[in-house]
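These are the residues of each chain, in order.
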Amino acid sequence: MTTPADLVTPNMPSWCPGCGNFGIWAAFKNAAVKQGWDNTNTVITAGIGCHGHIVNFVKLTAFEGLHGRALPVASGIKMVNHRLNVFAFTGDGDCLSEGGNHFIHTCRRNHNITILLHNNDIYGLTTGQCSPTSPHDFKTGSTPQGNPDQPFNVLSLALASGATFVARGYSGDINGLADLIIKANDHQGVSVVEILQPCTTFDKTHTHTYFRENCYQLPPDYNPTNLNQAFSKAIEVDGTKLPLGIFYQVQKSTAESEFPQISSHPLVDTPPSIRNINDLFKKLR
Ligand SMILES: Cc1ncc(C[n+]2csc(CCOP(=O)(O)OP(=O)(O)O)c2C)c(N)n1
Ligand code: SF4
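Predicted, not measured: the structure shown is a model, and the values here were computed from it.

Observations regarding the site of ligand 1
Part 1: Neighbouring residues of ligand 1: 16 residues in total, closest Cys 50, Gly 93, Asp 94, Gly 124 and Leu 125.
Part 2: Within the backbone of Asp 94, an N or O atom sits 2.6 Å from an oxygen atom of ligand 1.
Part 3: In this structure, Ile 122 approaches ligand 1 through a main-chain N or O atom, which is 3.1 Å from an oxygen atom.
Part 4: In isolation ligand 1 has 590 Å² of accessible area, and contact with the protein removes 74% of it.
Part 5: Breaking the shell around ligand 1 down by element, the ones donating at least two residues are α3 (92-98) and β5 (122-123).
Part 6: In terms of residue class, the shell around ligand 1 is made up of five nonpolar, eight polar and three charged.

Focus on the packing of helix α2 (residues 70-80) against helix α4 (residues 100-109)
When two helices pack together, their arrangement is given by the angle between the helix axes and by the axis-to-axis distance.
Part 1: Direction vectors running N to C along α2 and α4 enclose 35 degrees, while the axes themselves pass 8 Å from each other. Residue-level contacts link Leu 71, Pro 72 and Ser 75 of α2 to His 102, Phe 103 and Thr 106 of α4.
Part 2: Its residues assigned to classes, the contact of α2 with α4 comprises three nonpolar, three polar and no charged.

Brief notes about the nonpolar core
Part 1: Counting 31 residues, the largest nonpolar core has Phe 28 and Ile 181 as the members making the most contacts within it.
Part 2: Counting residues per element, the ones that place at least two in this core are α1 (21-35), β1 (42-46), β3 (85-91), β7 (165-170), α6 (174-186) and β8 (191-196).
Part 3: Leave out the neighbours within four places in its chain, and Ile 181 touches Ala 27, Phe 28, Ala 31, Trp 37, Phe 87 and Leu 116.

Thoughts on the pattern of salt bridges
Part 1: In this structure the tally under the stated criterion is five salt bridges.
Part 2: Here Glu 194 and Arg 168 are joined by a salt bridge, their closest N and O atoms 3.0 Å apart. Of this pair, Glu 194 sits in strand β8 while Arg 168 sits in strand β7; the two residues are 26 residues apart in sequence, bridging distant segments of the chain. With respect to class, Glu 194 is no different from Arg 168; both count as buried.

Focus: the sheet that holds β8
Part 1: Here eight strands make up an open sheet; going across it, the order is β2-β1-β3-β4-β8-β7-β10-β9 and the pairing mixed. Two strands close off the open sheet at either side, each with one partner strand: β2 (61-64) and β9 (215-217). The mean angle between the axes of side-by-side strands here comes to 25 degrees, regardless of whether they run parallel or antiparallel.
Part 2: When β7 meets strand β10 (residues 242-249), the two strands line up antiparallel, connected through four bridges. Its bridge partner being in β10, Val 166 is matched across the sheet by Tyr 248.
Part 3: Lying over the sheet, α1 contacts β1, β3, β4 (114-119) and β8, oriented at roughly 160 degrees with respect to β4.
Part 4: Against the sheet, helix α8 (residues 227-234) touches β7, β9 and β10, its axis set at about 160 degrees to β10.

About the cut-offs
Residues numbered from 1 in each chain as written. Chains lettered and ligands numbered in written order. Predicted model: local features only at pLDDT ≥ 70, side-chain atom pairs only at ≥ 80, totals over all residues. Heavy atoms only, no water. Near = heavy atom within 4 Å. Polar contact = N/O pair within 3.5 Å; in protein donor to acceptor, adjacent residues only side chain to side chain. Areas by Shrake-Rupley, 256 points an atom, 1.4 Å probe, with all protein chains shown as cover. Helix = DSSP H or I, 4+ residues; strand = E, 2+ residues; numbered from the N terminus. Nonpolar A, V, L, I, M, F, W, Y, C, P; charged D, E, K, R; others polar. Axes fitted to C-alpha atoms, helices over the stretch in contact; angles between N-to-C directions. Contact = heavy atoms within 4.5 Å. Core = buried A, V, L, I, M, F, W, Y, C linked by side-chain atoms within 4.5 Å. Buried < 20%, exposed > 50% of the residue type's maximum accessible area, 1.4 Å probe, protein only. Salt bridge = Lys/Arg side-chain N within 4 Å of Asp/Glu carboxyl O. Pairing = 2+ DSSP bridges.

Spelled out as structure tokens, the structure:
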């Protein structure tokens, strides 16, 4: 059993007032309490950015990797001990700029990890430059005359890369987001949860009011096993409307189940053995 007190650290969040990271933090902790995630069964990783500070505010075993490296660290942990729940907290800059290559291959390989992609359409920590999800023409510190580039669509990129669970939540809907995080973690395979969040300091357009007015839930009769429909919904252009929920979910073999060395038991349970590898080196020379 995990109680809210078990997750408390001595550090107070350093995020700006109203930042969407507060909602993601609350939703994750609620999910952890509900599911009993603690240091015996769960590890979190993060990249560099305001989002990555979350590792300081949740008392779980954590590793904050280099910029863009939240996902390879998470998949490495899962490969070594697949008994653990592994969450990767990453940002739109972290995951899709420096970490873009890792993102597509983590999805393709179907590592059984949960990716929580904080999408605030901007580089928050470095004071508000354009990110790969900043809209075209968006004015930021690095694009005072408007963003000349087109943004990635996170969900269709995840779908095209082979992710087996693709969802979108909103940081201001704490209960809905906690529920989505639990479903993503229950999924066997890679789960991508794009979380829409405002950066209250550097983006005066995508505010909580904007998200509240424009987000809506996918209808109850939506079929998440249909890839074509998932793509259509992901790229849907209906004014500024943004669907939330599970866009796609199918079952496929995970990366961890594909390796005979670890499919039956975690690598950490394999005792180290000393072998003479001189013959092997001679063969390779
Ligand atoms: C290799 C490298 N390049 C650039 C940086 C500078 N840097 C730190 S955080 C960041 C962007 C973070 O944006 P995002 O991932 O969207 O996170 P946010 O701060 O918005 O949560 C950048 C470019 C860095 N730390 N390392
Ligand atoms: S700069 Fe933006 S993303 Fe970073 S803490 Fe402040 S509001 Fe949040």
